[in-house]
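If you want the building blocks of each chain, they are given just below.
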Amino acid sequence: MHRRRFLELAAIAGVSPLAPVLGATSGKTINDVTQLNPVIVADERKPRSADDIRTALRAWRGSVSVGGGRYSMGGQIAAAGSLHLDMRAMNQVVSFDAARRSIRVQAGMTWRDLQEVIDPRDLSVKIMQSYANFTVGGSVSVNVHGRYVGQGPLVNAVQAMQMVTAGGDVLELSRTREPELFRAVAGGYGGLGIITEVELALDANSRIERVVENVALEQYPAFFRDKILTNKNMVLHNADLTPPHFASPRAISWITSEQPLTEKARLVPRGLDYNLEKNAIWALTELPGGSHLRESVIDRALLLKKAVTWRNYEASQDAASLEPRSRRQSTYLLQEYFVPVANLVPFTQRMAGILKAHQVNALNVSIRHSPADTVSLMAWAPVEMFTFVLYYKQGTQPSASDAVGVWTRKLIDAALELGGRYYLPYRLHATREQFDRAYPQARAFAALKARVDPGNRLRNLLWDKYL
Ligand SMILES: Cc1cc2nc3c(=O)[nH]c(=O)nc-3n(C[C@H](O)[C@H](O)[C@H](O)COP(=O)(O)OP(=O)(O)OC[C@H]3O[C@@H](n4cnc5c(N)ncnc54)[C@H](O)[C@@H]3O)c2cc1C
């Protein structure tokens, strides 16, 4: 690589070009889905087993970083000059007990690959994101949530894990074996060890029907408590807030149903052509009046169209449907905020004010719900929370990121002032002080890391910045 290009990339990655990369045997750039976080690592391995990882760790004395599907958005998968472990070749089923509704898989397997195995037995992933491209290990490391009503974060469906420590020990973790590590590795962003296997509780696959309702903002918390949370047939639920006002939640529920299927496929086929969706998203974000187009045409079509599908179909959506034609000039990103249920209305109003004042090119905000997380150490929902998932577009030039940083920190302050938190898999705009306020448990996490990874070998840009 030319030295100038190398210096440019290092500068973009926010790393000193003269520091750890100099020891590199070969330089390789690791980037995530946004293409905003190139990091030059020393070398890359694609292990197939825990033994491959132990061998790699023994042969390499420096820092190590871990990546799964690479859908995190702020350098959580890489550290400059590290040995990068790309986990995606670890994608095998270890054991599957359909009768017990339990499966153990290698951590680099994607949800989509897993669905292919369990769907013929009429089983579903219990808790996962809204798209199926993510790896199981990356999802556990973030302790993700989905739209599953009353289920909370993914750790609630994790029965056990196997992990390799920075020192090369292979450990089995569960609520009873190494429980302290189990609690901290879920949501630990690869800082404590490399997850090699995950055992998951599964759910029944079922036929689900979409129900769409408009609810007044002030009524939404009571609507959610009385009509959604208590409904035993409710499988998935979220409410969408749309620009420019973000004031009228549109509640979208998927409820078990005996109605005839409107979509016969059991899983979303791989490799579909998403040009129509891409054009629609482009029009919404680029054309004058795009947000009105959404209100008048697209959302009305959604409201009117009956939809009855398999749960696995709805859970196997492909993130490619969101992918822009090019990420050269602009890119799409996510942010998330968690706010105690009582503060839904004030947070929505403050968020709408900030997004409007900064003319944020927001596509939508999806509200979900999580009960309190009583398991994971780095919990983002220590109390019952509503989650606000903001999907927005920004330019790729550094000045665009600076501008996003300004309004992001205002949104983080708004969440913190209302007893909430922000989510860690996205861009690293938060100040150190905001991180400390949002995640006071990080001190206990750092103490544990000093014990299991005393040489601070397991690194990435998130932990380098905040721990
Ligand atoms: C379109 C889109 C939709 C999303 N929707 C949701 C959503 O509905 N709910 C939600 O909660 N999040 C959502 N996210 C965020 C997403 O869940 C996280 O970014 C998640 O990490 C993605 O999984 P991954 O396999 O890409 O992990 P990566 O981005 O590759 O890794 C994430 C973190 O996990 C670590 N890691 C990865 N594999 C391992 C391993 N085997 N052992 C130890 N550490 C590991 C990495 O070092 C990194 O710190 C969404 C993101 C996108 C882009």
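Residues numbered from 1 in each chain as written. Predicted model: local features only at pLDDT ≥ 70, side-chain atom pairs only at ≥ 80, totals over all residues.

Enquirer: Honestly, the domain arrangement of the chain in this entry has me stumped. Any pointers?
Expert: The figure often quoted for interface size is the accessible area lost as the parts come together. What the domain assignment lists for the chain is domain 1 (3-86 + 456-466), domain 2 (89-205) and domain 3 (207-438). Between domain 1 and domain 3, the contact holds 13 residues from the first and 13 residues from the second. Looking at side-chain class alone, the side of domain 1 that touches domain 3 contains 6 nonpolar, 6 polar and 1 charged residues. (Domains from an automatic or database assignment. Contact = placed C-beta atoms within 7 Å. Nonpolar A, V, L, I, M, F, W, Y, C, P; charged D, E, K, R; others polar.)

Enquirer: Can you walk me through the sheet that holds strand S18 (residues 385-395) in this structure?
Expert: Reading across from one edge, S15-S12-S14-S13-S17-S18-S16-S19 is the order of the 8 strands in this open sheet, with antiparallel pairing throughout. The sheet terminates laterally at strand S15 (308-310) and strand S19 (421-422), the two strands that pair on one side only. As judged from the 11 bridges shared by strand S16 (residues 330-340) and S18, these two strands associate in the antiparallel manner. Among the inter-strand pairings, Phe338 is bridged to a residue of S18, identified as Thr387. Here helix H6 (residues 220-228) sits on the sheet and contacts strand S13 (234-241), strand S14 (250-256) and strand S17 (361-370); the angle it forms with S13, its principal contact strand, is near 170°. The sheet contacts of helix H10 (residues 344-357) involve S13, S16, S17 and S18, and relative to S18 the element is tilted by about 10°. (Pairing = 2+ DSSP bridges. Helix = DSSP H or I, 4+ residues; strand = E, 2+ residues; numbered from the N terminus. Axes fitted to C-alpha atoms, helices over the stretch in contact; angles between N-to-C directions.)

Enquirer: How do you make sense of the pairing of strand S12 (residues 207-214) when you look at a structure like this?
Expert: Working note: regular strand, side chains alternate between the two faces of the sheet. Pairing geometry for S12 and S15, over 3 bridges, is antiparallel. Following the sheet pairing, Glu209 is matched in S15 by Val308. The sheet contact formed by S12 and S14 spans 7 bridges and is antiparallel. Note that in S14 the partner of Glu209 across the bridge is Ile255.

Enquirer: Which parts of the structure should I look at to understand the site of the ligand?
Expert: By nearness alone, 34 residues border the ligand, and Gly68, Gly69, Gly137, Gly138 and Gly190 come closest of all. Put simply, the parts of the chain that give the shell around the ligand at least two residues each are strand S4 (64-67), helix H4 (136-142) and strand S11 (194-204). Tallying contributions element by element places H4 first for the shell around the ligand, with 5 residues. Taken together, the residues of the shell around the ligand break down into 17 nonpolar, 16 polar and 1 charged. (Near = placed C-beta within 6 Å.)

Enquirer: In this structure, what is going on with the confidence of the model for the chain? I would like to understand it.
Expert: One rule of thumb: low pLDDT means the predicted coordinates there are not for detailed reading. Per-residue pLDDT for the chain has a mean of 92; in total, 91% of the residues score no lower than 70. Per-residue pLDDT stays below 50 along residues 1-25; that stretch engages in 39 contacts with residues further than four places along the chain or on separate chains. (pLDDT = per-residue confidence, 0-100.)

Enquirer: Explain the sheet that holds S4 to me, please; I cannot follow it from the model alone.
Expert: Strand-to-strand pairing in sheets goes through backbone hydrogen bonds, with the strands running parallel or antiparallel. With respect to topology, 3 strands assemble into an open sheet ordered S3-S5-S4, the strand pairing being parallel. The outermost strands of the open sheet, each flanked by one partner alone, are strand S3 (43-45) and S4. Taking each pair of neighbouring strands and ignoring which way they run, the sheet shows an average axis angle of 25°. Looking at chain direction, S4 and strand S5 (residues 83-86) are connected through 4 bridges and run parallel. Across the sheet, residue Val64 finds its bridge partner in S5, namely Leu83.

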